[in-house]
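A look at the structure
What follows is each chain in one-letter form.
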Amino acid sequence: MIIRETEQEFVMTTQHDHAGLSAHIAAQFCDDIFLGDVYIPDVLQAITEHDRAWIRLDHTPIWNDQDHVPFSFSDYPMLPKLVLYKLGIDEVEQMSEYAAFLCSKHYASFQQLQHSSHPDCIAFCSGEARRQARIQEKLKFPKEMIERHFQLLQLCDDISLYVGLNNPGSTKDKEHPWFRDGFTLSEPLLPDGSRRLIAEWLNEKEIRMTPFPFKHDFKTTVPIKCVSKEAIRSLGMNRAYEQAILQEQEVIFCN
C-alpha cells in the first residue's frame, strides 16, 4: 500500500493500482525509447503487473501498532512479502516470460534484500537469479535492451510513486524527500540526453516534467481511498478501509 498522511486521514493507493498508473505513464514515451517495437507489449505488461505480488497483501490493510499508521510498502513485514513476491512473479511468468524476467530483476534489485543476511532473503534472491538465467538462456535478450527496459520500469515506478507519496500541489520543500532532486537515470533516456528528470507540482492536478520525456501532455487518474483516522479508531483498520469510498485522483503531466 502507498500511503500519505494528512491531519485527518490516510490517503491510500494499492500497489497494483499504482502499477497501472506506472504503465499508463510508460505508454506515453516515444516508441523509440523501447529500442524497437517487438517487446513493447511485454514491457508494458511487466510495468502493469510489477506489483502483482501486492494484490493479496493490500486486500486487507494492517495496522502498525508501533508507529500508529497503516503498514505501507516500505515497512510491511518482510517474510510475508517474500512469499507473495515469488507468487506474483510466478503469475506474471504465465502471462509473459520477458515480463516476468523484468519483474524478477526489479524485485531482486531491492537493497533491503540484497544486503540481508536472513536465509529467506538469500533464498529469494538466489531463486530469482536462477529464474532470470533460465529465461535469458531461452530467449537470449540483448543486454542493452534488458537494461533499457529495466530502467524504464523503475523510472515509471518512481514517477507513479511521486504521485502517490506527495500531497497534490506540494511545493518542492514539502515533497517526499526521495524526489526533491528528481529522478536519476543510469543511462540517458530523455530527449536531451540528460540523466536527471525533475518533476514539480504546478497546482493540485498538474505536474511539470523537465526535460519533457513524453509524446505530448496527457491526463490520467489513479484510484485512491481517503480513510479517516476517526473511522480507524472506531471501526478498526480493515473495516474503515473497506467502507471508505473509492475515488479517482486526476493528474496531468505537462511540459
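Quick look at the structure, then.

Parameters at a glance
Residues numbered from 1 in each chain as written. Predicted model: local features only at pLDDT ≥ 70, side-chain atom pairs only at ≥ 80, totals over all residues. Heavy atoms only, no water. Helix = DSSP H or I, 4+ residues; strand = E, 2+ residues; numbered from the N terminus. Rg over C-alpha atoms; globule rule 2.2 N^0.38 Å. Buried < 20%, exposed > 50% of the residue type's maximum accessible area, 1.4 Å probe, protein only. Contact = heavy atoms within 4.5 Å. Lys, Arg positive; Asp, Glu negative; His and termini not counted. Charge placed at Lys NZ, Arg CZ, Asp CG, Glu CD. Pairing = 2+ DSSP bridges. Phe/Tyr/Trp six-rings, centres within 6.5 Å; stacked < 30°, edge-to-face > 60°. Lys NZ or Arg CZ within 6 Å of the ring centre and 35° of its normal.

1. With respect to the overall build of the chain
Across its full length, the chain holds 10 helices and 9 strands. Here the chain has a C-alpha radius of gyration of 18 Å; the compact-globule value for 255 residues is 18 Å, and the two agree. In terms of its C-alpha atoms, the chain occupies a principal-axis envelope of roughly 55 × 45 × 30 Å. Put simply, the chain has 255 residues, and 50% of those count as buried. Long-range contacts, defined here as pairs at least 24 residues apart, represent 71% of the contacts in the chain between residues at least 6 apart. Charged side chains of the chain number 26 positive and 38 negative; the gap between the two group centres comes to 2 Å.

2. A short note on unusual backbone geometry
For the bond from Thr210 to Pro211, the omega torsion is -10°, close enough to zero to count as cis. With respect to the helices, strands and loops of the structure, Pro211 is situated in the loop between strand E7 (206-210) and strand E8 (218-228). Notably, Leu35 is not glycine yet its phi reads approximately 60°, a positive angle. With respect to the element layout, Leu35 can be found in the loop between helix H1 (15-26) and helix H2 (40-49). Residue Leu35 is classed as partly exposed on the basis of its relative accessible area of 35%.

3. Topic: the environment of Pro142
Among the structural elements, Pro142 can be located in the loop between helix H7 (119-139) and helix H8 (143-165). Residues Pro142 and Leu202 lie 60 residues apart in sequence; the distance between their C-alpha atoms is 40 Å.

4. Let's talk about the pairing of E8
The pairing of strand E2 (residues 9-13) with E8 spans 4 bridges and is antiparallel. In the sheet register, Val11 faces E8, and the bridge partner there is Cys226. Taken together, the 8 bridges between E8 and strand E9 (residues 246-254) define a ladder with antiparallel strand orientation. Bridge pairing links Thr221 to Glu250 in E9.

5. Focus: the side chain of Gln15
Looking at the secondary structure, you find Gln15 in helix H1. Exposure remark for Gln15: the relative accessible area of 4% places this residue in the buried category. Among all residues touching Gln15, those that are not within four sequence positions of it are Met1, Ile2, Asp51, Trp54, Asp58 and Phe73.

6. What to know about the packing of aromatic side chains
Using the criterion set out here, one finds 23 aromatic pairs in the structure. Pairing Phe71 with Tyr76 gives two aromatic rings, centres 6.1 Å apart and planes at 65°, and the pair type is edge-to-face. Per residue, the accessibility class of Phe71 equals that of Tyr76, and both read buried. Relative to Phe179, the ring of Trp178 lies with its centre 6.1 Å away and its plane at 80°, an arrangement referred to as edge-to-face. For Trp178, a relative accessible area of 48% puts it in the partly exposed group. Using a relative accessible area of 3% as the deciding quantity, one classes Phe179 as buried. A cation over an aromatic ring shows up here: Lys225 above the ring of Tyr241, its NZ or CZ 4.5 Å from the ring centre.

Bear in mind that shape data such as this cannot, by itself, settle questions of function.
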